[in-house]
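Summary of the model geometry
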Amino acid sequence: MNVILVGPPGAGKGTQAQRFQETHSIIQLSTGDMLREEVASGSELGKQFKEVMDSGTLVPDDMIISMISSRIGKDDCKIGFILDGFPRTTPQAKALDQMLGEKELKIDHVIEMKVDDDAMVKRITGRYTCAQCGAGYHDEFQQPEREGVCDHCESKEFTRRDDDNPETVRSRLQAYHDQTAPILGYYNKKGVMETVDGMAAIDDVTEQMNAILG
Ligand code: AP5
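Residues numbered from 1 in each chain as written. Predicted model: local features only at pLDDT ≥ 70, side-chain atom pairs only at ≥ 80, totals over all residues. Heavy atoms only, no water.

**Considering the environment of Thr 23**
Residue placement: Thr 23 occurs in helix α1 (residues 13-24). You can call Thr 23 exposed: its relative accessible area is 59%. Among the polar contacts listed, one links the side chain of Thr 23 to the side chain of His 24, at a separation of 2.9 Å. (Helix = DSSP H or I, 4+ residues; strand = E, 2+ residues; numbered from the N terminus. Buried < 20%, exposed > 50% of the residue type's maximum accessible area, 1.4 Å probe, protein only. Polar contact = N/O pair within 3.5 Å; in protein donor to acceptor, adjacent residues only side chain to side chain.)

**With respect to the nonpolar core**
By size, the foremost hydrophobic cluster in this structure holds 29 residues, and its most contacted members are Leu 29, Phe 81, Leu 96 and Tyr 187. Of all the secondary-structure elements, those providing two or more residues to this core are β1 (2-6), β2 (27-30), α2 (31-41), α3 (44-55), α4 (61-72), β3 (81-84), α5 (90-102) and α8 (182-190). Setting aside residues no more than four positions away along its own chain, Phe 81 makes contact with Met 1, Asn 2, Val 3, Ile 26, Ile 27, Leu 29, Ile 72, Leu 100 and Ile 107. With 21 residues, the next largest nonpolar core counts Val 3, Ile 82, Met 120 and Leu 213 among its residues. (Core = buried A, V, L, I, M, F, W, Y, C linked by side-chain atoms within 4.5 Å. Contact = heavy atoms within 4.5 Å.)

**Comments concerning the sheet that holds strand β8 (residues 193-197)**
Strands sit in the order β2-β3-β1-β4-β8 across an open sheet of five strands; the sheet is parallel. Both edges of this open sheet fall to β2 and β8, since each of them pairs with a single strand only. Taken pair by pair, the neighbouring strands of this sheet meet at an average axis angle of 25°, ignoring direction. Bridging between β1 and β3 involves four bridges; their strand directions are parallel. Looking across to β3, one finds that Ile 4 is bridged to Leu 83. (Pairing = 2+ DSSP bridges. Axes fitted to C-alpha atoms, helices over the stretch in contact; angles between N-to-C directions.)

**So, the site of the ligand**
Around the ligand, the structure places 36 residues, and the nearest of them are Thr 15, Thr 57, Arg 88, Arg 127 and Gln 142. Taking Ala 11, its main chain carries an N or O atom lying 3.2 Å from an oxygen atom of the ligand. Interatomic distance of 3.0 Å between a backbone N/O atom of Gly 12 and an oxygen atom of the ligand. Considered on its own, the ligand offers 1,000 Å² of accessible surface; in the complex 96% of this is hidden by protein. For the shell around the ligand, the elements supplying multiple residues, two or more each, are α1, α2, α6 (117-125), β6 (136-138) and α9 (202-213). Of all the elements, α2 adds the most residues to the shell around the ligand, at four residues. (Near = heavy atom within 4 Å. Areas by Shrake-Rupley, 256 points an atom, 1.4 Å probe, with all protein chains shown as cover.)

**As for α8**
Here α8 has its buried residues at Ile 183, Leu 184 and Tyr 187. The buried side chains of α8 occupy one side of the element, clustering within an arc of 105° when seen end-on. What points out from α8, more than 90 degrees from its buried face, is the exposed set Asn 188 and Lys 189. The inward-facing, buried residues of α8 contact β1, α5, β4 (109-114), α7 (166-180) and β8. (Arc of directions from axis to C-beta.)

Take a look at the structure:
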């Protein structure tokens, strides 16, 4: 099963994709995480990515398409994948169709996570991640069971993203509405679009997605 999650920054794409990776034996492919890995490597390319990401705009299509194409070609994706943060433009959606067609694969579900923009700033500025295993948390909405200790690996170190500040979030929301929202019409025409209420509580969103994905 191959799935795409679409939604503005903070909609819960990463939160739900992490859960489905654990429960449905499919691979989470997050272009944001891939870009952040390149930034963390300290490479020249990573420095270019960081500048774009900190401004809240999108990395050029050709760079992203080549990055995801080589990732989808790896063996672990054969069991199925859930795309989180890709495609984000119509050229990316078309390139994805082409690369899947060449491998005789297809997208089974595109799930739009509908949310209110105003709530996203609070969600994003409260987000933090385990520095060791990458599990996601929130100051208010998703706290670890023991304060300051990761539920998954017991690490006590956490990080926050440089682009999770109110100014950059507003640019990211603008980029979503201008450049990403048009792909919803593209997938609607293909008959693979589904919608969930991303404003519901995290567990409720998972239930809505379970009803779609089985
Ligand atoms: P990326 O890393 O993809 O960020 P994003 O799309 O802005 O999405 P986020 O990760 O911020 O949000 P999310 O929907 O995953 O929310 P989460 O589950 O964490 O991209 C970053 C940058 O990389 C982009 O700006 C761009 O520059 C570049 N980039 C990436 N892909 C690209 C591409 N394809 N093309 C070009 N450029 C690209 O949830 C947020 C918080 O809310 C968490 O703390 C969570 O606990 C909480 N939460 C989640 N769901 C709920 C809920 N239902 N109720 C309450 N709280 C909730």
